[in-house]
Each structure stands twice: as structure tokens, then as C-alpha cells.
Amino acid sequence: MTMNTKTLIDNLARAELVDMVPYQSARRLFSSADSDTDAKVWLNANEAPGSGEYQIKSSNINRYPDFQPDNLLTGYSNYSGLDKTQLLATRGADEGIELVIKTFCKAYQDSILICSPTYGMYSISAQAQGVNVIDVPMISNTLDIDGIKAVAEQVKVVFLCSPGNPTGNLLPESQILDTLAIFQEKAIVVVDEAYIEFSPQNSMQKLLNQYDNLVVLRTLSKAFGLAGLRCGFTLSNPAIITMMSKVIAPYPIAAPVADIASQSLSASGIKAMQQDVTTLNQLKQDFSQWLSEQQWCKRVFPSDANFVLFECDDKDGLFDLLKAQNILIRDQSKQVQLRNCLRISIGNEYELSLVKNTITQALANTSAKTLKV
Ligand SMILES: *Cc1c(COP(=O)(O)O)cnc(C)c1O
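The structure displayed is predicted, hence computed values, not measured ones.

What counts and how
Residues numbered from 1 in each chain as written. Predicted model: local features only at pLDDT ≥ 70, side-chain atom pairs only at ≥ 80, totals over all residues. Heavy atoms only, no water. Helix = DSSP H or I, 4+ residues; strand = E, 2+ residues; numbered from the N terminus. Rg over C-alpha atoms; globule rule 2.2 N^0.38 Å. Buried < 20%, exposed > 50% of the residue type's maximum accessible area, 1.4 Å probe, protein only. Contact = heavy atoms within 4.5 Å. Areas by Shrake-Rupley, 256 points an atom, 1.4 Å probe, with all protein chains shown as cover. Near = heavy atom within 4 Å. Polar contact = N/O pair within 3.5 Å; in protein donor to acceptor, adjacent residues only side chain to side chain. Pairing = 2+ DSSP bridges. Phe/Tyr/Trp six-rings, centres within 6.5 Å; stacked < 30°, edge-to-face > 60°. Lys NZ or Arg CZ within 6 Å of the ring centre and 35° of its normal. UniProt positions renumbered as here; feature names shortened; annotations may be inferred. Axes fitted to C-alpha atoms, helices over the stretch in contact; angles between N-to-C directions. Parallel < 35°, antiparallel > 145°, perpendicular 65-115°, else oblique. Left-handed = near helix turned anticlockwise from the far one by under 90°. Nonpolar A, V, L, I, M, F, W, Y, C, P; charged D, E, K, R; others polar. 1 Å grid on protein atoms, 1.4 Å probe; cavity = no way out; pocket = protein on both sides within 12 Å on 5 of 7 lines; lining within 4 Å. Points joined across faces, edges and corners; volume = space filled by probe spheres on them. Domains from an automatic or database assignment.

**Some thoughts on the overall build of the protein**
Then, in step 1: Each helix and strand in the protein was counted, giving 13 helices and 13 strands.
Then, in step 2: Taking 373 residues into account, the globule formula puts the C-alpha radius of gyration at 21 Å, and the protein, at 21 Å, falls close to it.
Then, in step 3: When the backbone C-alpha atoms are referred to their principal axes, the protein occupies close to 60 × 55 × 50 Å.
Then, in step 4: Within the span of the protein, comprising 373 residues, buried residues form 52% of the whole.
Then, in step 5: Expressed as a percentage of contacts within the protein between residues at least 6 apart in sequence, the contacts between residues at least 24 apart total 70%.
Then, in step 6: Carbon together with sulfur atoms contributes 50% to the accessible area of the protein, which is approximately 17600 Å² in total.

**Description of the site of the ligand**
Then, in step 1: In the region of the ligand, 13 residues are neighbours, and Ala93, Asp192, Tyr195, Thr219 and Lys222 sit closest.
Then, in step 2: At a separation of 2.6 Å, a nitrogen atom of the ligand approaches a polar side-chain atom of Asp192.
Then, in step 3: For the ligand, an oxygen atom lies 2.6 Å from a polar atom in the side chain of Tyr195.
Then, in step 4: Taken by itself the ligand offers 390 Å² of open surface, and the protein chains cover 94% of this.
Then, in step 5: Looking at the shell around the ligand, the element that brings in the most residues is helix H5 (residues 92-104), giving three residues.

**Considering the sheet that holds strand E10 (residues 307-312)**
Then, in step 1: Ordered by their spatial adjacency, four strands build an open sheet running E9-E10-E13-E12, and the pairing between neighbours is antiparallel. Since the sheet does not close on itself, it has two edges, and those belong to strand E9 (297-300) and strand E12 (330-331), each with one partner.
Then, in step 2: Taken together, the five bridges between E10 and strand E13 (residues 341-345) define a ladder with antiparallel strand orientation. In the strand pairing of E13, Glu311 is matched with Cys341.

**Overview of the side chain of Ser77**
Then, in step 1: Its location among the elements puts Ser77 in helix H4 (residues 70-80).
Then, in step 2: Classification of Ser77 as buried rests on a relative accessible area of 14%.
Then, in step 3: The contacts of Ser77, once residues within four sequence positions are left out, are Leu82, Asp83, Lys84 and Leu87.

**Topic: the packing of aromatic side chains**
Then, in step 1: This model, assessed by the stated rule, comprises eleven aromatic pairs.
Then, in step 2: Ring centres of Tyr79 and Phe224 lie 5.4 Å apart, and the angle between their planes is 85 degrees; on these two criteria the pair is classed as edge-to-face. With a gap of 145 residues between them, Tyr79 in helix H4 and Phe224 in the loop between strand E7 (214-219) and strand E8 (232-235) connect regions that are remote in the sequence.
Then, in step 3: Since its relative accessible area comes to 22%, Tyr79 is described here as partly exposed.
Then, in step 4: One aromatic cluster in this structure is built from Tyr23, Tyr119, Tyr122 and Phe159.
Then, in step 5: Geometry around Phe301 places Arg299 over its ring, the cationic atom sitting 3.9 Å from the centre.
Then, in step 6: In this structure, Arg343 packs its charged tip against the face of Phe307, placed 5.6 Å from the ring centre.

**Some words on the UniProt feature "domain: Aminotransferase class I/classII large" (unreviewed entry) in the protein**
Then, in step 1: Mapped onto this numbering, the UniProt entry gives "domain: Aminotransferase class I/classII large" (unreviewed entry) at residues 41-349.
Then, in step 2: Secondary structure across residues 41-349 divides into 33% helix and 17% strand, with the first and last C-alpha atoms of the span separated by 12 Å.

**Some words on the UniProt feature "modified residue: N6-(pyridoxal phosphate)lysine" (unreviewed entry) in the protein**
Then, in step 1: The sites that UniProt annotates as "modified residue: N6-(pyridoxal phosphate)lysine" (unreviewed entry) are Lys222.
Then, in step 2: With residues up to four places along the chain from it excluded, the contact list for Lys222 reads Ala45, Asn46, Ala48, Ala194 and Tyr195.

**Concerning the side chain of Ser345**
Then, in step 1: One can find Ser345 in strand E13.
Then, in step 2: Residue Ser345 is classed as buried on the basis of its relative accessible area of 1%.
Then, in step 3: There is a polar contact of 2.8 Å between the side chain of Ser345 and the backbone nitrogen of Asn46.
Then, in step 4: Ignoring sequence-local partners within four residues, the contact set of Ser345 consists of Leu43, Asn44, Ala45, Asn46, Glu47, Asn306, Phe307 and Leu352.

**Focus on the packing of H5 against helix H6 (residues 121-128)**
Then, in step 1: Where H5 meets H6, the axes come as close as 9 Å, and the angle between the chain directions of the two elements is 45 degrees. Comparing their axes, H6 and H5 come out oblique. Between H5 and H6 lies a crossing whose hand is right-handed. For the pair H5 and H6, contact is made by Asp94, Ile97, Glu98 and Ile101 and by Met121, Tyr122, Ser125 and Ala126, respectively.
Then, in step 2: Class assignment for the residues of the contact of H5 with H6 results in five nonpolar, one polar and two charged.

**Overview of the packing of helix H11 (residues 267-292) against helix H13 (residues 349-366)**
Then, in step 1: At a minimum axis separation of 11 Å, H11 and H13 run at an interaxial angle of 5 degrees. On the basis of the axis angle, H11 is roughly parallel to H13. Together, Leu283, Phe287 and Trp290 of H11 and Glu349, Leu352, Val355, Lys356, Ile359 and Thr360 of H13 make up the contact between the two elements.
Then, in step 2: For the contact of H11 with H13, the per-class residue count stands at six nonpolar, one polar and two charged.

**Regarding the layout of surface pockets**
Then, in step 1: For the second largest pocket, the calculated volume is near 360 Å³.
Then, in step 2: Residue lining of the second largest pocket: 22 residues in total, with Gly50, Ala223, Ala272, Met273 and Asp276 positioned closest to the centre.
Then, in step 3: Take the lining of the second largest pocket: its biggest share by element is eight residues, from H11.
Then, in step 4: The residue inventory of the lining of the second largest pocket, partitioned by class, reads nine nonpolar, ten polar and three charged.
Then, in step 5: Three or more residues apiece are contributed to the lining of the second largest pocket by two domains, here domain 1 (9-49 + 269-362) and domain 2 (70-265).

Given below as C-alpha cells:
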């Protein structure tokens with residue numbers, strides 16, 4: 001591309017996109033096309049460590065799929081106990097985020113509210129749609145309710161993440177109720193429950209009948225082990241689902257996606273997911289315990305999800321040490337309040353023992369308590 005083409009496109013594009021940095025997803029930072037993918041230990045995107053087996057039907061692939069494939073909605077309706085009119089299947093929960101903003105926010109006029117540190121896609125999605133972002137940072141891992149109240153008149157959509165990413169903890173239910181009350185007549189409150197299967201008793205789904213402004217986001221990418229499928233769900237009341245259906249693409253769910261997703265939502269699929277969750281929760285507890293016993297580890301955040309955030313002496317040293325052994329974790333140190341913090345996904349037992357052994361050996365070799373390598 002010549003210089004002139006770039007200048008031309010910069011001039012033609014929406015001005016705010018020119019300097020916008022796209023979401024630095026785990027897979028953009030380290031692509032699966034990297035030469036020795038098989039040798040890599042992927043603990044940077046909170047994916048499941050293994051995959052199930054699925055069948056795909058190709059007999060109808062010449063036809064457009066249903067707008068909302070019935071086998072898929074029936075599966076999620078059975079799993080969640082909600083009526084199909086309260087569900088919208090989307091291309092991942094990320095599309096749910098985008099659609100809520102698209103449905104409720106006017107470009108160059110409206111704002112969303114986020115409470116950082118939080119999931120990066122809320123503000124990226126808002127920016128990409130010309131929507132303003134107001135941030136009321138959390139205070140020691142809980143919401144700043146007074147700060148939120150102070151901006152209540154200025155926002156159309158509020159994004160809460162529970163369990164939080166990258167922090168890992170659930171928000172107190174009382175604070176979610178406070179937020180719903182503050183915005184009851186004013187704005188949509190989204191509770192992103194991408195990780196709720198790891199602590200299912202804490203879902204806010206039960207509040208859907210009580211609050212007209214509540215939206216719950218879910219995904220098959222984490223506990224269900226289907227990140228590559230790109231399938232998520234928006235849970236809300238029929239009025240919100242109908243409104244969001246106006247701005248979604250005409251055929252948002254590919255037929256093979258519906259086939260695989262509906263198998264994962266069968267009784268046996270759900271049972272397998274729940275067994276995986278039990279295993280991962282136990283591994284997480286053991287790994288958190290191990291971390292808390294390490295001298296170089298300054299703080300281990302409590303986790304209700306399938307990853308652990310921790311603060312350490314020398315986060316670059318640790319990150320690079322693991323990377324040199326093809327173990328990829330996620331640096332979260334650029335987020336507010338998370339200096340020196342790294343996030344590690346709970347993989348399988350073998351992967352976590354590799355992490356522990358790599359660190360233990362490096363420490364033994366340097367005889368240092370920190371991790372300069
Ligand atoms: C992973 C994740 C998502 C996105 O899920 P997809 O269904 O893969 O798009 C949304 N929110 C949070 C908090 C996540 O961690």
C-alpha cells in the first residue's frame with residue numbers, strides 16, 4: 001500500500017477510527033498460526049483445556065439457516081429454564097455486547113458506563129460505534145455505588161461483569177441490586193456472566209422478571225469449551241430481545257454452529273460441562289493455594305471463574321520465563337489498579353504442573369527469590 005492510499009483512507013474513514021487500537025485479544029497477541037502451535041500451552045484466553053466430539057449435518061447446507069435455529073434455542077431454553085422469547089443467540093457474547101450498544105445508544109450522543117478493571121470489549125465496541133465511555137473504577141474489587149449514582153443521568157447502558165474478567169470475583173448481589181435500582185427507569189444494566197457456570201448459584205437470571213432493564217450475557221466459549229464455535233446468548237425480557245432482533249444480522253448463527261452448540265446443550269453435554277467445571281474448580285483452588293505460598297507472589301485474587309489473577313514481584317520476568325517455555329499467560333498490568341498483575345487460565349493438570357515446575361526450576365537455578373531470568 002502506498003503512502004497516498006493510507007492518507008486517502010485515513011481521510012475517508014470515521015475520524016475516531018484512525019487512531020483507535022483494536023481489541024488486543026489473546027489470539028491477536030499470539031496467533032494459532034505461529035509455527036509450533038502444538039507445542040504451545042495456551043493459558044492466556046480462559047479457554048477450556050479439552051474439546052468434546054460433535055457431528056455436523058451437511059445435507060441442508062445449501063439453505064440459509066433459520067434466523068434463530070430452533071434446536072439451538074430449545075437447547076438453551078431447557079438449560080436456562082427461560083422461554084425462547086427471552087433468548088437471543090448471537091455470534092459469541094461479544095456480539096451481544098455490540099448489539100446492546102447498537103440498540104440503545106445513539107452514536108456521537110450517548111454513553112455507556114464501565115467499572116474498570118473490566119472486560120475490554122465494552123469500550124472497544126462502544127468506540128467502534130461512536131459511543132462515549134464513562135468509567136467509574138471499582139474500589140478494591142467492588143462497585144463504587146456513589147460514583148455510579150453521580151453519573152446516572154448520563155448513561156444509556158451499564159456493563160457489569162460478574163464473575164469479573166480479569167479480576168475473577170463475583171460482584172456482591174446487593175451491589176448489582178443497587179445498580180439495577182439506580183437505573184431502573186433510566187438505562188439498561190448488562191450483567192456479563194461469561195463465567196457463571198463456575199459458580200452457577202450466583203446468576204442474576206432470577207432477577208429478569210423483576211427488572212425490565214436487565215440483560216444477562218452468556219457464552220459457550222468458556223465452561224462449555226466451545227470458544228472456536230462463536231456462540232453466545234442474550235437473556236432478557238421479550239421486549240428487549242425483540243428490539244435487539246431488529247439490529248442483528250439476518251442469519252447470525254451458521255448451521256454447523258447450531259448443530260454443534262445444540263449437542264453441547266443436550267442433557268449429556270450439560271453433564272459433561274458440569275463435570276469439567278468441578279475438575280477445573282478443584283485445580284483452581286490448588287493452584288491458587290500454591291501461588292499464595294510463593295514468596296514472589298504478592299497477592300492472589302479470589303476467583304469464581306476458570307482463571308486466577310495474581311500480583312508478583314517481577315511480572316515481566318515471570319511472563320518471559322513462561323513464554324520461553326512456550327507457556328502463554330496474559331499480562332493485565334496495564335489495567336487500572338492492576339500493576340504487576342498477570343492472569344493465568346486454569347488449564348488441565350499437566351499444563352498447570354508445567355507452569356509450577358518451570359517456575360520452581362528457574363528459582364532453584366538462580367537461587368533468587370524473585371524471578372529475574
Ligand atoms: C470471553 C468473554 C466474553 C466473550 O465471549 P464470546 O462468547 O467468546 O464472544 C465476554 N465477556 C467476558 C467477560 C469474557 O471473558
